[in-house]
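Coordinates in review
The lines below spell out each chain.
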Number of protein chains: 2
Amino acid sequence: MLFDARLFETRFFTGFLLRWTMKGNERISGTVIKRLPRYRRYLEELMHKKTGRISSGELSRLIGCTASQIRQDFNNFGGFGQQGYGYNIESLYQQINGILGLVREYKTVVIGAGNLGLAVANYIYTYEDGFTVAGMFDVRPEIINTSANGVRIRGVSEIDDFLAEKQIDIGIITTPSANAQQAADRLVKGGVKGIWNFAPVDLEIPEDVAVENVHISDSLLSLAYYVNKTQSQQDAEE
Amino acid sequence: MLFDARLFETRFFTGFLLRWTMKGNERISGTVIKRLPRYRRYLEELMHKKTGRISSGELSRLIGCTASQIRQDFNNFGGFGQQGYGYNIESLYQQINGILGLVREYKTVVIGAGNLGLAVANYIYTYEDGFTVAGMFDVRPEIINTSANGVRIRGVSEIDDFLAEKQIDIGIITTPSANAQQAADRLVKGGVKGIWNFAPVDLEIPEDVAVENVHISDSLLSLAYYVNKTQSQQDAEE
C-alpha cells in the first residue's frame, strides 16, 4: 500500500484531538459519555450512506432526541459544529472515537464460558475492532481445554496467574448471578480497570474500577409495553 | 392456600390502575417508557431491603438522575407522590408493572439457536416471570430436534405454521446480521406484535410492530472511556 496522506492526517488529527480532549475531559459528565456510543453508532451508519456534513436538526430526527441536547453534548468537547454548516460527519465520528479512547487496543477476559460467555466472546470477535478476548474461564471440567474462536477455555484456578502475567484491561462476567461477585473480586484483585457485567446482580466494586452492567431486561419490558398497548387497542376495536 | 385478601386487593388495584392508566397512556412519551424498566429495577431492589415510602430525592440519588426528572416522569401517570411523604415503594412498583403491561403472559419465539439464542432463552427461563419461550428455530440440521430448557429446536421451515397456530407476542432475533431481516419479515408475516433484536443491524419493520434493539456494544464503549481515562491518569502520575 502506498503512503496514504489522508490516513496519516486522520490519525494525526485524532491523536491531537485525543490529547486536547483528555485535558478537558473532567468536565464531561457520565450521562454525556453514556450517549456518545449511541451518537457514534448513528454517525457510523451515516458514513456508509453519505459524506460531508449534517445539521444538529437532521441528526436529532435520526437519533430521536432534541437538537438542543445534541448541541449541548457536542459543546462539551469543543463542538466543531458551525452555525448554518452543521457537523462534519467523519470528523465528529473520529472525535467521539478519541474521547471514548477507541484509538488503542483493549484486552479482555471472559469469566463464564457458557452460552452467554461464548456469545459475548463471539460478538467481540466478529464486530468489535480494538477489543480482543485474551482468555476465557469456567468451572466445568468438561469444557476446560476446549476452545472458542481460537481462545482456550481455562479453569478458574488459573485466573490469578493469567491476570498477573497478561495486562488485561476489561473483565467480562457472564457467570450465573450467584458466582458473579466472586468473579468480580478476582478480576479486581488481578488489576483489571473495567468490568462488563452481564449477570443480573449488583456488584460491589472499588471506586477506581469502572463497571458497566448490561440490563437486557430493560428493553424487553419496554417491548412488553408496546405489545400490550397494540393488543389493547385491537381488543377495543373488535 | 387460603384465600389471601391482600393478593386479591393488589390484583384488583393493579387491574384498576391498568385500566386507569391505559386511558391516559397516549400522553406518556417513548423516552419515559424507556426509563420505566430502570425505575422498576431499583424499586424491586428497594422492596428487598426496605418497605414503606421513598422521596424523589432519595430515589434520584439511588438511580443517578435528578429528582425533578423523577417527579416529572411519575406525574405522567398520576404520580401518587405526596409532598413531604414521598412515594409508596410497592404501590409505585405495581403501577409501573401495570403501565408496562406486566400483568399478563407474553409468548416468545427465538430465531437463531446459537450461543446467543440459547443464552437469551435461558435468561428468560431463569429471570423473567411472565415471559415464556414457546419455540426456538435454527437452520443447522445438527441441532434441529435437540432441546434447550425443555423447548425443542425446530427448523426454520416450520416457523410460518408455528406462528399461525400459536399466538406469539414477541419474536426474538439472535441470528447473524445477514439473516436478521429475513427472520424479521417472517415474524411480522406471522403476526408478532414486537421484535427483540440482538443482531447489530437496523431492521425494516412496519410501524404497527414494535422493535427493541439490544446494543450491548454501547456499554462496552462507555467502559473503554473509563478504562482509558484511568490508565491515562496513571501514566501521567508515573
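Okay, so let's go over this structure. (Residues numbered from 1 in each chain as written. Chains lettered and ligands numbered in written order. Predicted model: local features only at pLDDT ≥ 70, side-chain atom pairs only at ≥ 80, totals over all residues. Heavy atoms only, no water.)

Pairing within the open sheet is mixed, and its seven strands lie in the order β5-β6-β4-β3-β7-β8-β9 (chain A). Of all strands in the sheet, those with a lone pairing partner are β5 (147-148) and β9 (210-213) of chain A, marking the two edges. (Pairing = 2+ DSSP bridges. Helix = DSSP H or I, 4+ residues; strand = E, 2+ residues; numbered from the N terminus.)

The next point concerns the packing of helix α2 (residues 30-49) of chain A against helix α3 (residues 56-63) of chain A. Residues and elements named next belong to chain A. In contact at an axis separation of 11 Å, α2 and α3 are set at 105° when each is read in the N-to-C sense. Looking at the two axes, α2 sits roughly perpendicular to α3. Packed against α2, whose contacting residues are Arg38, Tyr39, Tyr42, Leu43 and Leu46, the element α3 presents Leu59, Leu62 and Ile63 at the interface. The residue inventory of the contact of α2 with α3, partitioned by class, reads seven nonpolar, no polar and one charged. (Axes fitted to C-alpha atoms, helices over the stretch in contact; angles between N-to-C directions. Parallel < 35°, antiparallel > 145°, perpendicular 65-115°, else oblique. Contact = heavy atoms within 4.5 Å. Nonpolar A, V, L, I, M, F, W, Y, C, P; charged D, E, K, R; others polar.)

This next bit is on the interface of chain A and chain B. Counting residues at the interface gives 60 residues for chain A and 61 residues for chain B. Here chain A and chain B share an interface that buries about 5800 Å² over both sides, 64% of which is from carbon and sulfur atoms. Counting across the chain A and chain B interface gives two salt bridges. Note that Arg41 of chain A is salt-bridged to Asp218 of chain B, the shortest N-O span being 2.6 Å. At the junction of chain A and chain B, the tally comes to 16 residue pairs in polar contact (both at pLDDT 80 or more). Elements with a minimum of two residues in the side of chain A that touches chain B: α2, α5 (89-100), α6 (115-127), β8 (194-197), β9 and α9 (216-237) of chain A. Per-class residue counts for the side of chain A that touches chain B are 29 nonpolar, 16 polar and 15 charged. (Buried area = accessible area lost by both parts, 1.4 Å probe. Salt bridge = Lys/Arg side-chain N within 4 Å of Asp/Glu carboxyl O. Polar contact = N/O pair within 3.5 Å; in protein donor to acceptor, adjacent residues only side chain to side chain.)

Right, let's get into unusual backbone geometry. Residue and element names in this part refer to chain B. Within the chain, Asn145 stands out as a residue other than glycine whose phi angle is a positive 75°. With respect to the secondary-structure elements, Asn145 resides in the loop between β4 (131-138) and β5 (147-148). Classification of Asn145 as exposed rests on a relative accessible area of 54%. With a phi angle near 50°, Asn149 is a residue other than glycine that sits in the positive phi range. Within the secondary structure layout, Asn149 lies in the loop between β5 and β6 (151-155). (Buried < 20%, exposed > 50% of the residue type's maximum accessible area, 1.4 Å probe, protein only.)

With that settled, consider the relation of the copies chain A and chain B. For the pair chain A and chain B, the relating rotation is 180°, the translation along its axis is 0.0 Å, and the fit reaches an RMSD of 0.0 Å. One copy is carried onto the other by what is essentially a two-fold rotation axis. In terms of proximity to the rotation axis, the leading residue of chain A is Asn115 of chain A, whose C-alpha is 2.2 Å off the axis. Counting the interface residues of chain A, we find that 100% of their copies in chain B are interface residues as well, pointing to one common contact surface. (Least-squares fit on C-alpha atoms with pLDDT ≥ 70 in both.)

We now examine the packing of α2 of chain A against helix α9 (residues 216-237) of chain B. Close contact between α2 of chain A and α9 of chain B brings their axes to 9 Å; oriented N to C, the two are set at 125°. Classified by the angle their axes make, α2 of chain A and α9 of chain B are oblique. Both α2 of chain A and α9 of chain B take part in a crossing whose hand is right-handed. Residues Gly30, Ile33, Lys34, Pro37, Arg38, Arg40 and Arg41 of chain A of α2 of chain A form the contact with α9 of chain B, whose own contacting residues are Asp218, Leu221, Ser222, Tyr225 and Tyr226 of chain B. Residue classes in the contact of α2 of chain A with α9 of chain B are distributed as five nonpolar, two polar and five charged. (Left-handed = near helix turned anticlockwise from the far one by under 90°.)

Read these as layout, nothing more, since geometry by itself doesn't imply function.
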